[in-house]
Amino acid sequence: MATTNSTPRGAVSTDSTPTAGTVVNSGGGKTVIVDPVIAKIAGIAASSVPGVHALGGGAARVIGSLREAVGAKDLGQGVSVEVGETQVAADITIVAEYPEQLQRVASDVRTAVADAITQLAGMEVAEINVTVVDVHIPGDDQPEERVQ
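Colleague: What exactly am I supposed to notice about the side chain of Q77 here?
Modeller: Along the polypeptide, Q77 turns up in the loop between α2 (58-69) and β4 (79-83). Relative accessible area serves as the criterion here: at 16%, Q77 is assigned to the buried category. Here the side chain of Q77 touches L55 through a polar contact of 2.7 Å, landing on its backbone oxygen.

Colleague: Is there a simple way to explain the environment of I41 in this structure?
Modeller: Within the element layout of this structure, I41 appears in helix α1 (residues 35-47). In this structure the C-alpha to C-alpha distance between I41 and L120, which are 79 residues apart in sequence, comes to 8.0 Å. Not counting residues up to four positions away in its chain, the partners in contact with I41 are A116, I117 and L120.

Colleague: Even after reading the chapter, I still don't get α1, so can you show me in this structure?
Modeller: Turn by turn, an α-helix covers 3.6 residues, leaving residues three or four places apart pointing in a common direction. Over its 13 residues, α1 runs 18 Å from end to end, which matches the ideal 18 Å to within 8%, given 1.5 Å per residue. Considered for burial, the residues of α1 that qualify are I38, A39, I41, A42, G43, A45 and A46. The elements touched by buried residues of α1 are β2 (30-33), β3 (52-55), β4, β5 (87-97) and α3 (102-121).

Colleague: Can you help me understand the side chain of H136 in this one?
Modeller: Inspection of the secondary structure assignment puts H136 in strand β6 (residues 124-136). Its relative accessible area of 14% is what places H136 among the buried residues. Discounting chain neighbours no more than four positions away, the residues touching H136 are H53, V95, A96, E97, Y98 and D141.

Colleague: Explain the pattern of salt bridges to me, please; I cannot follow it from the model alone.
Modeller: Where charged atoms from two side chains of opposite charge approach closely, those side chains can pair. Per the counting criterion, the structure on display carries two salt bridges. Between R104 and E100 there is a salt bridge; the shortest N-O distance is 2.2 Å. Take E100: its relative accessible area is 32%, and that puts it in the partly exposed class. For R104, a relative accessible area of 30% translates into the label partly exposed. Because the salt bridges share partners, they merge into one network encompassing E100, R104 and D108.

Colleague: I would appreciate a short explanation of the nonpolar core in the present structure.
Modeller: The nonpolar side chains of a soluble globular protein tend to be buried, and buried together. Formed by 28 residues in total, the largest nonpolar core has its most connected members in I38, I92, I94, V109, V113, I117 and M123. Elements represented by at least two residues in this core include exactly α1, β3, β4, β5, α3 and β6. The dominant element in this core, judged by the number of residues it contributes, is α3, at eight residues. In this view, I38 contacts I33, V81, V83, V88, I117, A121 and M123; residues no more than four positions away in its chain are not counted.

Each value, and the rule that gives it
Residues numbered from 1 in each chain as written. Predicted model: local features only at pLDDT ≥ 70, side-chain atom pairs only at ≥ 80, totals over all residues. Heavy atoms only, no water. Helix = DSSP H or I, 4+ residues; strand = E, 2+ residues; numbered from the N terminus. Buried < 20%, exposed > 50% of the residue type's maximum accessible area, 1.4 Å probe, protein only. Polar contact = N/O pair within 3.5 Å; in protein donor to acceptor, adjacent residues only side chain to side chain. Contact = heavy atoms within 4.5 Å. Expected span 1.5 Å × (residues − 1). Salt bridge = Lys/Arg side-chain N within 4 Å of Asp/Glu carboxyl O. Core = buried A, V, L, I, M, F, W, Y, C linked by side-chain atoms within 4.5 Å.

Keep in mind that these numbers describe shape and distance, not what the molecule does.
Here's what the structure looks like:
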């Protein structure tokens, strides 16, 4: 029984060059990891760092709040990634907690994100840029009590 398809049964043919990270397995075949997956991994890792209040700038947080209200939280909010064949570069926008040391928080975010991408996706991290766009002061987001 001859066949013209060289792709093994049950496998996905990837004739076109993928635009995301590709890990070639020694067992024949490859795994393609798309950008949103890496962004989600980076977002989860960054948001778990002590001193990070939120991810994303003002507009992204507003849209994120609306998504959360309908039960569709965006775990990659505030994260932009470029995924190559074997390397990843990420830009992460955060809101830090006051009075945390901003350089320490940014460094911890870089470490957490790099570790997560390396461990979960098996890809090398080329660079991680962290932008601190705001500082959250506890109590600022609580409604003021009216004095009568």
